[in-house]
Amino acid sequence: MEEKIYDLGLPVAGSRVIRHGGEGPDFWAYVDDGRHLHYVSYWLPNKIRVMRLPRSSSGDLQVLSPYYARIGNALYCRGARVPDADADQFQLIAETRFAHDREHVYAFTITEGLDMLEHAVRPLHFLPRCEHFADHRDFYWQSSWTGKIERVSRYARIDAYEKRTVLRACLWQDTDAQTDEEQAARDAILDSVRTLDDLFRLALPRADAVWAAARPAQV
């Protein structure tokens, strides 16, 4: 990979890297220049974003992930404050693009950006490596077209890659089939899963949700 050097416009004297991680285009860092705290990322338009906090606040920085951080009661995504977020209740959902607090569900990727859904009906249901989630009544995803979290039909078709990776994590604990018979049984399960409804019912058979109690229509 070709290496490039970017001038962040910060003084060498007095600047220090507080936290950093990732490699190549996934590199990120928080830099204190003595006056402001900055978030640095290849994916930002100017490679750097000023968080405009007093220097004394940098010591309160809690890095939650490569994209999220907390300072005091405020939540930040790539250095920009997330309005109305409850930092005390904020939770990342492992192996997904999702997070939530008491009032909101958040979705973030580099390409789609950050979006927030209000008033989801609890409880919430997430699956590892799944591009969808559910609340008590409905299913959702972050649209690749709009970047928004949108409601989708429970009978929306699930693509082969997503269902395979989700079920490998949920049902088979990331292990390979040991026999031809076991592989055939797994293939039969995969063939039976066609919709979001099928996937979530199989992975969460005891979910407290309207979609789990209702019988699916015949397709």
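Check the entry above for the structure.
All of these numbers come straight from a predicted model, not from anything done at the bench.

Draft legend 1. A look at the layout of surface pockets. In this structure, the second largest pocket encloses a volume near 230 Å³. Considering the residues around the second largest pocket, the lining is formed by 15 residues, among which Tyr67, Thr96, Arg97, Phe98 and Phe108 are closest to the centre. When grouped by side-chain class, the residues that make up the lining of the second largest pocket number 8 nonpolar, 3 polar and 4 charged.

Draft legend 2. Representation of the environment of His100 in the model. Tracing the chain through its elements places His100 in strand β10 (residues 98-100). By relative accessible area, which is 14% here, His100 ends up buried. C-alpha separation for the pair His100 and Glu118, spaced 18 residues apart in sequence, amounts to 10.0 Å. In this view, His100 contacts Gln89, Phe90, Gln91, Ile93, Val105, Tyr106, Arg122, Leu124 and Phe126; residues no more than four positions away in its chain are not counted.

Draft legend 3. Spatial organisation of the side chain of Arg186. Secondary-structure assignment places Arg186 in helix α2 (residues 180-192). On the basis of relative accessible area, Arg186 is assigned to the buried category, the value being 7%. Ignoring anything within four residues of it in the chain, the contact list for Arg186 reads Trp172, Thr175, Asp176 and Ala177.

Draft legend 4. Local environment of empty space enclosed by the protein. In total, this model carries 1 cavity of 30 Å³ or more according to the counting rule given. In this structure, the largest cavity encloses a volume near 40 Å³. In this structure, the largest cavity is lined by Asp26, Phe27, Trp28, Tyr39, Ser41, Trp43, Tyr67 and Ile110. When its residues are assigned to classes, the lining of the largest cavity shows 6 nonpolar, 1 polar and 1 charged.

Rules used throughout
Within each chain, residue numbers correspond to sequence positions counted from 1 in written order. Given that this is a predicted model, residues contribute local features only at a pLDDT of at least 70 and side-chain atom pairs are listed and counted only at 80 or more, while totals for whole chains, interfaces and linings are drawn from all residues. Excluded from the side-chain calculation are hydrogens and water; included are all heavy atoms of the structure. Within this scheme a cavity is a closed region of a 1 Å grid, computed over the protein atoms alone, that accommodates a 1.4 Å probe without allowing it to escape, whereas a pocket is open but has protein on both sides within 12 Å along at least five of seven lines; lining residues each have an atom within 4 Å of a point. Grid points are joined across faces, edges and corners, and a volume is the space filled by probe spheres set on the points. Three residue categories are used. Nonpolar comprises Ala, Val, Leu, Ile, Met, Phe, Trp, Tyr, Cys and Pro, charged comprises Asp, Glu, Lys and Arg, and polar comprises the others, including Gly. For helices the rule is a DSSP run of H or I covering at least 4 residues; for strands it is a run of E covering at least 2, with both sets numbered from the N terminus onward. Per-residue accessibility, obtained with a 1.4 Å probe over protein chains only, is compared with the maximum for each type, and a residue is labelled buried under 20%, exposed over 50%, and partly exposed between these values. When checking whether two residues touch, look at their non-hydrogen atoms; a contact exists if any pair is within 4.5 Å.

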